Amino acid sequence: MLARKGDQRAFAELVELYKDKIFHLAYRMLNNRHEAEDVVQDTFLRVYKNLERYDENQKFSTWIYRIGTNLCIDRLRKRKPTYSLDAEMNDQEGIDGYAMIPSEDRTPETEYMLSETQQMIRQAIDSLPAKYKTVMVLRYMQELSLQEISDVLDMPVTTIKTRVHRGREFLRKKLERKL
Amino acid sequence: MDCKQALSLMHDYMDNELAPNQVLLLKEHFAVCPACTERYDQLERTEMMLFGIKTQRIEPMADFVTANIMASLPKKTKQRVWLRWVKNHPAITVAAMFVMVMFISALSFWNQDRELMVKGPDLDKLIIEGDKVIVPKGHVVAGDLTVQNGQAEVYGEVNGNLTVIEGSMNLASTAHISGQVTKIDEAMSWLWYRITHMFSGVAYN
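Keep in mind it's a predicted model, so treat the numbers as computed, not measured.

Participant: Can you explain the overall build of chain A? Please cite residues and give values.
Facilitator: When you go through chain A residue by residue, the secondary structure sums to ten helices and zero strands. Walking chain A from its N terminus toward its C terminus, one meets helices and strands in the order α-α-α-α-α-α-α-α-α-α. Classification of the 179 residues of chain A by burial places 51% in the buried group.

Participant: Account for the overall build of chain B, naming residues and giving values.
Facilitator: Counting its secondary structure elements, chain B contains seven helices and eleven strands. Here chain B, with 205 residues, has 31% of them falling under the buried criterion. Here the contacts in chain B between residues at least 6 apart in sequence split such that 27% fall between residues at least 24 apart. Surface summary for chain B: the accessible area is close to 13200 Å², and the carbon and sulfur share equals 60%.

Participant: Talk me through the sheet that holds strand 3 (residues 132-135) of chain B; I want residue IDs and the actual numbers.
Facilitator: Picture the strands of a sheet paired through backbone hydrogen bonds; they go either parallel or antiparallel. Residue and element names in this part refer to chain B. Taking strand neighbours across the sheet as the criterion, the four strands line up as 2-3-6-9 in an open arrangement whose pairing is mixed. Two strands in the sheet have a free side with no partner beyond their single neighbour: strand 2 (127-129) and strand 9 (168-171). Across this sheet, the average inter-strand angle for adjacent strands is 15°, counted without regard to direction. Sheet analysis places strand 6 (residues 151-154) next to strand 9, joined by four bridges and oriented parallel. Across the sheet, Gln151 pairs through a bridge with Ser168, a residue of strand 9.

Participant: Could you give an account of unusual backbone geometry, naming the residues involved and the relevant values?
Facilitator: All names here are of chain A. In the Ramachandran plot, Glu143 falls in the positive-phi region, its phi being about 50° despite a non-glycine side chain. Considering the arrangement of structural elements, one finds Glu143 in the loop between helix 8 (130-141) and helix 9 (146-153). With a relative accessible area of 46%, Glu143 lands in the partly exposed category. The phi dihedral of Asp154 is positive, around 55°, even though this residue is not glycine.

Participant: Before we move on, could you go through the sheet that holds strand 7 (residues 157-158) of chain B and cite the residues and values that matter?
Facilitator: Residue and element names in this part refer to chain B. Taken together, three strands build an open sheet; the order of strands is 4-7-10 and the sheet is parallel. Taken across any chain shown, the strands that pair with only one partner, and hence form the sheet edges, are strand 4 (140-141) and strand 10 (176-177). One ladder, built from two bridges, connects strand 7 with strand 10; its direction is parallel. Bridging from a neighbouring strand, Val158 pairs with Ile177 of strand 10.

Participant: Explain helix 4 (residues 63-72) of chain B residue by residue, including any values.
Facilitator: Every buried residue of helix 4 of chain B is listed here: Val65, Thr66, Ile69 and Met70 of chain B. Each buried residue of helix 4 of chain B sits inside an arc of 135° when the element is viewed along its axis, so together they form one side. Residues of helix 4 of chain B that are exposed and point more than 90 degrees away from the buried face comprise Asp63 and Ala71 of chain B. Residues of helix 4 of chain B that are buried sit in contact with helix 1 (8-30) and helix 2 (33-49) of chain A.

Rules used throughout
- Along each chain, residues carry numbers from 1 onward, in the same order as the chain's sequence is written.
- Both sets of labels track the order of writing: A upward for chains, 1 upward for ligands.
- Totals for whole chains, interfaces and linings use every residue, but because this is a predicted model, local features are given only for residues with pLDDT of at least 70 and side-chain atom pairs only at 80 or more, for both listing and counting.
- Only hydrogens and water are removed before side-chain values are computed, so all heavy atoms of the structure are retained for them.
- Helix and strand assignments come from DSSP, with helices taken as H or I runs of at least 4 residues and strands as E runs of at least 2, each series counted from the N terminus.
- Partly exposed describes any residue whose relative accessible area lies between the buried limit of under 20% and the exposed limit of over 50%, with all areas from a 1.4 Å probe on protein chains only and scaled to the type maximum.
- The contact criterion used is simple: two residues touch if any of their non-hydrogen atoms lie within 4.5 Å.
- Surface exposure here means Shrake-Rupley accessible area, sampled with a 1.4 Å probe, where a residue is shielded only by the protein chains that are shown.
- When DSSP finds two or more bridges between two strands, those strands count as paired.
- To obtain each axis, a line is fitted to C-alpha atoms, and for helices this fit is confined to the stretch in contact; angles are then taken between N-to-C directions over 0 to 180 degrees.
- Starting at the helix axis, one direction is taken to each C-beta atom, and the arc is that of these directions.

Bear in mind that shape data such as this cannot, by itself, settle questions of function.
Structural data, given as structure tokens:
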């Protein structure tokens with residue numbers, strides 16, 4: 001790997017290759033453009049600093065996803081205390097979808113572009129507790145396999161499976177009236 | 001099959017992880033349980049919506065973000081390259097440091113010892129005038145005599161080795177030295193002298 005030898009141009013290529021993937025991941029996780037851009041920047045900074053520690057037996061994409069995911073989870077944790085999925089499940093559907101979309105994204109353009117359904121999905125994903133949100137975003141928005149998610153999060157596949165199942169059930173309940 | 005079991009199978013099915021015979025069992029359950037059929041339908045539609053959101057366009061990041069990333073990278077200096085070499089070759093580094101420390105300390109010893117030093121038995125019988133060390137005629141030194149930073153003038157006898165370090169020697173015709181006569185005036189031979197004496201000292205003590 002050229003980038004490892006401090007080759008700036010090679011690293012720039014890495015950035016080109018992965019920046020959009022990491023940005024999409026962070027944007028879906030945090031639902032905030034500005035924070036997502038910060039995460040992208042922090043991710044590459046970390047990659048650069050730790051290139052020597054990168055284990056070549058591992059896929060590079062797995063490694064960079066892990067760094068990006070961890071940074072997103074850190075931010076979600078700082079934002080608010082996590083509560084259990086059960087508490088979330090009992091949550092009343094009183095909040096309207098509109099309020100859940102971050103104010104900076106509430107431009108007339110996006111309102112037009114986002115159908116009511118899409119807004120609801122975004123809101124539902126956003127209300128997932130971090131550990132389920134991570135798995136669901138990686139599974140559906142990044143289309144990683146269960147095995148790949150287990151590699152990224154360094155957790156057993158059975159745990160990932162359980163989280164996908166519970167995440168799906170949670171979203172099904174949230175979206176019930178739209179289905 | 002009860003509905004709880006069926007739900008678990010539904011999720012496995014959606015993960016593509018259900019054996020064909022279990023798929024069959026699940027379908028049999030759907031045939032008799034409208035609630036589970038409805039639930040599966042909802043789950044499948046939820047999944048479709050989730051996949052659907054992926055196709056939703058996200059405004060790409062501003063171009064300056066990439067530029068910012070490259071600009072914010074810490075510069076890898078030459079020193080870091082050097083440090084990495086040191087990290088990768090610890091044994092060589094330690095050996096080099098050891099040799100360097102030995103060499104420096106030996107050199108400093110060499111440079112410091114400028115004063116006259118006489119080593120040997122019966123020193124009180126020797127005559128010392130300034131930096132001159134005289135073994136008088138008729139006197140016998142019963143052992144090795146070492147003179148550092150001075151002139152040795154031997155008129156008598158030395159029953160051992162005579163070593164002169166950084167100095168000169170003057171052997172009179174009457175002088176008799178039973179051992180070896182050695183004159184050392186270069187740093188390297190001095191070092192060699194010290195090292196061989198260190199080992200012989202270890203051996204004999």
